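Descriptive structure summary
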Amino acid sequence: EMFDAKYVTTAMAACSQLNWVCNFVVGFVFPYLNEYLGPYSFVPFAIVLALTFIFAALKLPETQGTTPEELMDQLVRKNSSVVYHNMNIEDAHNNPIDLEWKLAMEQLKQEDEAAMESGSYNYGFKPIEGVQPPASGSDWQSGMGH
């Protein structure tokens with residue numbers, strides 16, 4: 001619920017990787033905990049779980065029934081004193097190569113639009129050799145069962 005649709009796959013991949021790493025750590029550490037703590041080997045996990053529950057209950061916002069836009073508005077209001085709250089990462093081009101590419105793509109777009117308006121744009125179609133185009137004014141669909 002917290003991520004915009006275009007970021008969901010990346011967020012899910014990161015969460016999945018973190019889950020696997022944590023499972024590895026638990027699997028690696030548990031035999032030592034069991035050896036040294038015996039029947040109390042689950043106490044460290046219970047403490048971590050309790051701290052996580054307290055953090056989630058006190059610090060994280062309730063997201064049930066809210067849209068990502070509403071959640072974003074809540075987070076912006078909550079963190080409005082932070083300096084970078086209005087930064088748009090999609091429009092922020094600090095890299096000179098990004099600026100150069102943006103200018104080049106804009107120039108290509110303008111050239112293509114001008115060629116389309118003048119009728120000289122190459123759409124990439126090649127005529128099929130040996131086939132004559134239909135005569136002007138003829139019904140080209142009549143032989144296609146329409």
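Here's what I pulled together on the structure shown here. (Residues numbered from 1 in each chain as written. Predicted model: local features only at pLDDT ≥ 70, side-chain atom pairs only at ≥ 80, totals over all residues. Heavy atoms only, no water.)

So, the overall build of the protein chain
- A count of helical and extended segments in the protein chain gives 4 helices and 0 strands.
- Along the protein chain, helices and strands appear, N-terminal first, in the series α-α-α-α.
- Contacts in the protein chain between residues far apart in sequence, at least 24 positions, make up 31% of those at least 6 positions apart.
- Element-wise, carbon and sulfur atoms account for 63% of the exposed surface of the protein chain, whose accessible area totals about 13600 Å². (Helix = DSSP H or I, 4+ residues; strand = E, 2+ residues; numbered from the N terminus. Contact = heavy atoms within 4.5 Å. Areas by Shrake-Rupley, 256 points an atom, 1.4 Å probe, with all protein chains shown as cover.)

Some words on the environment of Pro44
- Its place among the elements puts Pro44 in helix 2 (residues 43-59).
- For Pro44 and Leu33, which are 11 residues apart along the polypeptide, the C-alpha to C-alpha distance reads 8.9 Å.
- When residues no more than four places from it in sequence are discounted, the contact partners of Pro44 are Leu33 and Leu37.

A few points about the packing of aromatic side chains
- Inspection of the entire model under this criterion finds 4 aromatic pairs.
- With a centroid separation of 6.2 Å and 65° between ring planes, the pair formed by Phe28 and Tyr32 is classed as edge-to-face. With Phe28 and Tyr32 both in helix 1 (residues 8-37) and 4 residues apart, the pair spans about one turn of that helix.
- We classify Phe28 as exposed; its relative accessible area is 52%.
- Centre to centre, the rings of Phe30 and Phe45 are 6.4 Å apart; their planes meet at 35°, and the pair counts as tilted. Pair noted here: Phe30 is in helix 1 and Phe45 is in helix 2, with a separation of 15 residues, a long-range link.
- Judged by relative accessible area, Phe30 falls into the partly exposed class, the value being 25%.
- By relative accessible area, which is 29% here, Phe45 ends up partly exposed.
- Within the aromatic cluster, the residues linked to one another by ring pairs are Phe24, Phe28 and Tyr32. (Phe/Tyr/Trp six-rings, centres within 6.5 Å; stacked < 30°, edge-to-face > 60°. Buried < 20%, exposed > 50% of the residue type's maximum accessible area, 1.4 Å probe, protein only.)

Quick word on the side chain of Ser41
- Positionally, Ser41 belongs in the loop between helix 1 and helix 2.
- By relative accessible area, Ser41 is classed as buried at 2%.

Quick look at a negative patch on the surface
- Residues Glu106, Glu111, Asp112, Glu113 and Glu117 make up a contiguous surface patch of negative charge.
- With respect to the helices, strands and loops of the structure, Glu111 is situated in helix 4 (residues 96-118).
- Judged by its relative accessible area of 43%, Glu111 falls in the partly exposed class. (Patch = residues over 30% accessible without salt bridge, like charges linked within 9 Å, V, L, I, M, F, W, Y side chains within 5 Å. Salt bridge = Lys/Arg side-chain N within 4 Å of Asp/Glu carboxyl O. Lys, Arg positive; Asp, Glu negative; His and termini not counted. Charge placed at Lys NZ, Arg CZ, Asp CG, Glu CD.)

Overview of helix 1
- Remark: the principal bend of helix 1, roughly 35°, maps to Val29, with a proline, Pro31, within the next four residues.
- After helix 1 finishes, the residue Gly38 shows a positive phi value of roughly 60°. (Bend = angle between axes of the 7 residues up to and from the residue.)

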